[in-house]
Amino acid sequence: MAREQLQVLNALDVAKTQWYHFTAIIIAGMGFFTDAYDLFCVSLVTKLLGRIYYHVEGAEKPGTLPPNVSAAVNGVAFCGTLAGQLFFGWLGDKMGRKKVYGMTLMLMVLCSIASGLSFGHDPKTVMSTLCFFRFWLGFGIGGDYPLSATIMSEYANKKTRGAFIAAVFAMQGFGILAGGIFAIISSAAFKAKFDAPAYEVAGAASTVPQADYLWRIIVMVGAIPALMTYYWRMKMPETARYTALVAKNAKQAAADMSKVLQVEIEAETKPEEKSANAFALFSKEFMRRHGLHLLGTTSTWFLLDIAFYSQNLFQKDIFSAIGWIPAAKSMNAIEEVYKIARAQTLIAMCSTVPGYWFTVALIDRIGRFAIQMMGFFFMTVFMFALAIPYDHWTHKDNRIGFVVMYSLTFFFANFGPNATTFVVPAEIFPARFRSTCHGISAASGKLGAIIGAFGFLYLAQNQDKTKTDAGYPAGIGVKNSLIVLGVVNFLGILFTFLVPESNGKSLEEMSGENEEEPESAVELEQQSDMAKSQLEVLNALDTAKTQWYHFTAIIIAGMGFFTDAYDLFCISLVTKLLGRIYYHVDGAAKPGTLPPNVSAAVNGVALCGTLSGQVFFGWLGDKLGRKKVYGITLMLMIVCSICSGLSFSHDPKAVISTLCFFRFWLGFGIGGDYPLSATIMSEYANKKTRGGFIAAVFAMQGFGILAGGLFAMLTAAIFDATFKAPAYEVDPIGSTVPQADYLWRIVLIIGAFPAALTYYWRLKMPETARYTALVANNVSQAAADMSKVMQVDIESDPARAQPTVTYGLFSKEFLDRHGLHLFGTTSTWFLLDIAFYSQNLFQKDIFSAVGWIPHAATMNAIAEVYKIARAQTLIALCSTVPGYWFTVFFIDRIGRFKIQMIGFFFMTVFMFALAFPYNYWTQKDNVIWFVILYALTFFFANFGPNATTFVVPAEIFPARLRSTCHGISAALGKLGAIIGAFGFLYLAQPQDKSKAEAGFPAGIGVKNSLIVLGVVNFLGMLCTFAVPETNGKSLEEMSGEAEERN
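Cut-off values and rules
Residues numbered from 1 in each chain as written. Predicted model: local features only at pLDDT ≥ 70, side-chain atom pairs only at ≥ 80, totals over all residues. Heavy atoms only, no water. Helix = DSSP H or I, 4+ residues; strand = E, 2+ residues; numbered from the N terminus. Buried < 20%, exposed > 50% of the residue type's maximum accessible area, 1.4 Å probe, protein only. Contact = heavy atoms within 4.5 Å. Areas by Shrake-Rupley, 256 points an atom, 1.4 Å probe, with all protein chains shown as cover. Core = buried A, V, L, I, M, F, W, Y, C linked by side-chain atoms within 4.5 Å. Salt bridge = Lys/Arg side-chain N within 4 Å of Asp/Glu carboxyl O. Lys, Arg positive; Asp, Glu negative; His and termini not counted. Expected span 1.5 Å × (residues − 1). Patch = residues over 30% accessible without salt bridge, like charges linked within 9 Å, V, L, I, M, F, W, Y side chains within 5 Å. Axes fitted to C-alpha atoms, helices over the stretch in contact; angles between N-to-C directions. Parallel < 35°, antiparallel > 145°, perpendicular 65-115°, else oblique. Left-handed = near helix turned anticlockwise from the far one by under 90°. Nonpolar A, V, L, I, M, F, W, Y, C, P; charged D, E, K, R; others polar. Phe/Tyr/Trp six-rings, centres within 6.5 Å; stacked < 30°, edge-to-face > 60°. Lys NZ or Arg CZ within 6 Å of the ring centre and 35° of its normal.

Across its full length, the chain carries 43 helices and 0 strands. Taken over 1046 residues, the chain has a buried fraction of 61%. Put simply, 83% of the contacts in the chain that link residues at least 6 apart link residues at least 24 apart. On the chain, roughly 38,800 Å² of surface is accessible, and the fraction owed to carbon and sulfur atoms is 66%.

Structure, rendered in structure tokens:
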């Protein structure tokens, strides 16, 4: 049970946005302005320091800092920051936020000034004192991280808390921008006053003596904004949450917040009671409650900062490497500062600052998790997009493209994990550990920054020792360094799953500080009374622990989907073979292929049958009951699978006609399995793991696709070994042995076996309790059936058995309640299946187009089946099956909406990534990358909308319309599949008619077809907003049946 929240904390949570919120943002944010200015301005002047203090007479290049000195100058502030985050984080929880807050700012002010006053002209003395003061500057900056985040989180209301904390952090963007602009102005002024020749013209003279003042001024000026806000920091009251929850002084907290909020808040004086949260940091109880969360916040911040700081501190090196900043010897010292500052300012203005403020605007709308996941993903994509074709970017004509993509990595770092890793640790830990845990998380990030700051100096060096900077060993080059950063960002995606979503929740909800053990049996009884309106049998289903009957139901329902996937996709393995056998043309340069209309019919007719079956059996399942119809669909699948393979005659027309006839009715049976299996599983499952159970039924499709590919490979290999045949180009007729006619038949027939094995068990299943109780209105029978299944006594309540939904399908009442939901489920499934089936049914054509499957003329008929099956098996093994089971694992953890949105988003990105540089992928050396990206689209289709579009329609409609509405949604999906199956045959043909397959008109080509699929996936993202989130809710809550019973 939850304790009642203190009035002062509730007042903070529900307070409207007021002037004091913005004041707090400015006061806290100016520390981060200084932080960013001070940490990043050193990257503007390191080249200048090298010229001033490490000039070598007669050297071809200007002086540079030795590797150890450069590492120290760039990294020492991070060491101080790390130490300060840990120390001040801990101190903020021990002494209070306010008492420590002024110390950090004063330390920053003093050390900024002292850094610029580093005395002497001896390099060792200057660098030593500079590093000394930059360490303590970092120490002060480090303290600002946990304190500012914690203070802002504890001041903010829960509705806009994310934006307020992110706004404090976003001041970093202005700090980086200010550093660049000030360096541009200062260097321009110095250049105008103290002009000098380029280094290659006059070595020593290219660095005027006054340049020594320039770097000092740039470093020192960061103290000014921090100094301006020191007074206001001292005037801020202690946060109410620290005062009330840690210092245990609710009266003082109420008084402080009454002044701030300008409202009267009544002080509550409760006798001190033993808290359920009285555990210590790193105790067993802490690790149980928050250990995984702390791992998530530390690991993601660590990985983010490796990538972020190694890019940001050394972006001048990357710009130099591609020639955007001229060679150092072609400039004088002050001009070089100007050019480096201009580049940093451009990046800050175009990507860093907008990225931060995009986060501020959207973090409370779409949540922390989605922003962090999206940011890490795009950083990964852009890093690889920069790295893999790196030689392309080094050409002069392509430099601006490099800069644009590099800017985008910064945009998505800041509209992504660079902001969210700062926000979340300030929200999810208890008040007495909040500052400490934020400090630990931030320190882990700075450890990553140190690795980036030190490691990149060496990693980014040229692999040729003669081309490295003076004093550096050979590295792995910029290209390979960018690949390393891409891998680091990808790991960030994975660890993001450990971080909880805190959007819209109070700090006490997230930390568990409102929780306490129930005090008595009376409280337990009160908890149970919350669901008193629900029939006991339905409540028993919703709250039942996972039992053996759940897994039995998954297998019984899932084997239908195993057969479904096997039968629908195995046809794509043998269509080329059918063309060779029945449509061979003597003397043709290429093997025979199915004519366009025949190919469309063979590939699409089962989908037409599926569409019809989904609508018909969906309706019948609501009229007659799930169980009565469930056996019919499986028997139809068994009979028609066998008959498809027995299509008689050797006449092409007769064979194809009978094949299409039986495949239509096979599809009809498969179609019925969609609404019935989904509805049955949703009505059997408990509400806690319902999504995982329904998704597991659907995930059996992955094994069906995999089994089809493996069986076809095995059968083709046996046939090829037994019946040797030459390639088509050697012997056109002999390349297709007569026994090949048996191969395709065996592949089709075998799909009947798994369905036949489960037929008996389907007939043994009882009717679902929800249908029996809510539609048939027989509560006694429902209770009796579920008592046997769950092996517990369930009391029936006949008095409350009454129809809960009386409106008809498509009535005004139905459309008011569920019209938008039905639009969401039908449109998303329709769009998903256009993309999914046009890829999956014709992936062999795509692989052929990029050369991964050899030309048909170079193989015999059976070898071609083997190669196509091998490609499908690879995709299924590496992406389809893992994608399905990722959904099963995560759907009840992160929700249907997020998984569907993530899936559509990544499918969009990967489709465009395949399409736009399509000519690049067609080159032989790049084919494997095409296959990887193509496999990823399948992974995110299945760890995404291909699963969720099946799950959600089984959860959101009333029991008496559930199967029908699921059938309608699924039928719209199959309509999309038909468009994909028929349309892609034509669309993917080359634009040159002479290169099109026999009988086909010119199309738009594979490249443009992939662009079309990308647009379709993007529309899927938009329509997902019409689909409600069902995670953790009972079916009656979602359908409104609980409301009507009340």
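And the narrative resumes.
The next point concerns unusual backbone geometry. Positive phi outside glycine occurs at Phe282, with the angle close to 65°. If you trace the backbone, Phe282 turns up in the loop between helix H11 (250-261) and helix H12 (284-312). In this model, Asn777 sits at a positive phi of 60°, which is unusual for a non-glycine residue. Mapping Asn777 onto the fold places it in the loop between helix H31 (769-775) and helix H32 (779-790). According to the relative accessible area criterion, Asn777 is partly exposed, its value standing at 32%.

Time to look at the nonpolar core. Tyr145 and Tyr674 are the most contacted members of the largest nonpolar core, which totals 188 residues. When neighbours within four sequence positions are excluded, Tyr145 is seen to be in contact with Phe32, Asp35, Thr81, Gln85, Phe169, Gln172, Trp301, Tyr309, Phe422, His438, Ala442 and Lys446.

Taken as a whole, this structure holds 27 salt bridges when the rule is applied. When the shortest N-O distance is used, the salt bridge between Lys339 and Glu335 registers 3.6 Å. Separated by 4 residues within a single helix, Lys339 and Glu335 lie in helix H14 (residues 333-366), roughly one turn from each other. For Glu335, a relative accessible area of 21% corresponds to the partly exposed category. Residues Arg368 and Glu427 are paired through a salt bridge, measuring 2.6 Å at the closest nitrogen-oxygen approach. Placement of Arg368 in helix H15 (residues 368-387) and of Glu427 in the loop between helix H18 (417-423) and helix H19 (431-459) is noted, with a sequence separation of 59 residues between them. We note that Arg368, like Glu427, is buried.

Quick look at the side chain of Asp35 now. Relative to the elements of secondary structure, Asp35 occurs in helix H2 (residues 19-53). Buried within the structure, Asp35 lacks any salt-bridge partner; Lys446 is the closest side chain of opposite charge, at an N-O distance of 6.1 Å. When neighbours within four sequence positions are excluded, Asp35 is seen to be in contact with Met108, Ile141, Tyr145 and Gln172.

Across its 16 residues, helix H38 (residues 927-942) extends 23 Å between first and last C-alpha, which sits within 8% of the 22 Å expected from 1.5 Å per residue. Here H38 lies mainly inside the structure; 12 of its 16 residues are buried. If you check which residues of H38 are buried, you get Val927, Phe930, Val931, Leu933, Tyr934, Ala935, Thr937, Phe938, Phe939, Phe940, Ala941 and Asn942.

This part covers a nonpolar patch on the surface. Judged by side-chain polarity, Leu292, Leu295, Val487, Phe490, Leu491, Leu494 and Phe495 come together as a nonpolar surface patch covering roughly 580 Å² of accessible area. Per-element tally for the nonpolar patch: the top contributor is helix H20 (residues 477-496), with 5 residues. Within the secondary structure layout, Phe495 lies in helix H20.

Here the focus is the packing of helix H28 (residues 690-722) against helix H35 (residues 861-894). Two elements in contact, H28 and H35, have axes separated by 8 Å at closest approach and are oriented at 165°. Comparing their axes, H35 and H28 come out roughly antiparallel. Here H28 runs over H35; the crossing is left-handed. Residue composition of the contact of H28 with H35, grouped by class: 24 nonpolar, 9 polar and 4 charged.

The next subject is the side chain of Asp622. With respect to the helices and strands, the residue Asp622 is situated in helix H25 (residues 596-624). Other than its neighbours up to four places away in sequence, Asp622 contacts Tyr771, Val775, Ala959, Arg960, Leu961, Arg962, Ser963 and Thr964.

To continue, consider the environment of His821. One can find His821 in helix H33 (residues 812-840). Through-space distance from the C-alpha of His821 to that of Ile956 is 7.9 Å; in sequence the pair is 135 residues apart. Once residues lying within four places of it in the same chain are set aside, the contact partners of His821 are Ile956, Phe957, Ala1026 and Pro1028.

Under the defined criterion, the tally for this structure stands at 74 aromatic pairs. With a centroid separation of 5.2 Å and 70° between ring planes, the pair formed by Phe87 and Phe88 is classed as edge-to-face. Taking relative accessible area as the criterion, Phe87 reaches 37% and is therefore assigned partly exposed. The ring centre of Tyr101 lies 3.7 Å from the NZ or CZ of Arg233, which sits over that ring. Above the ring of Phe889, the side-chain terminus of Arg893 is found at 4.1 Å from the ring centroid.

All right, on to the environment of Arg770 then. In this structure, Arg770 sits in helix H31. Relative accessible area serves as the criterion here: at 0%, Arg770 is assigned to the buried category.

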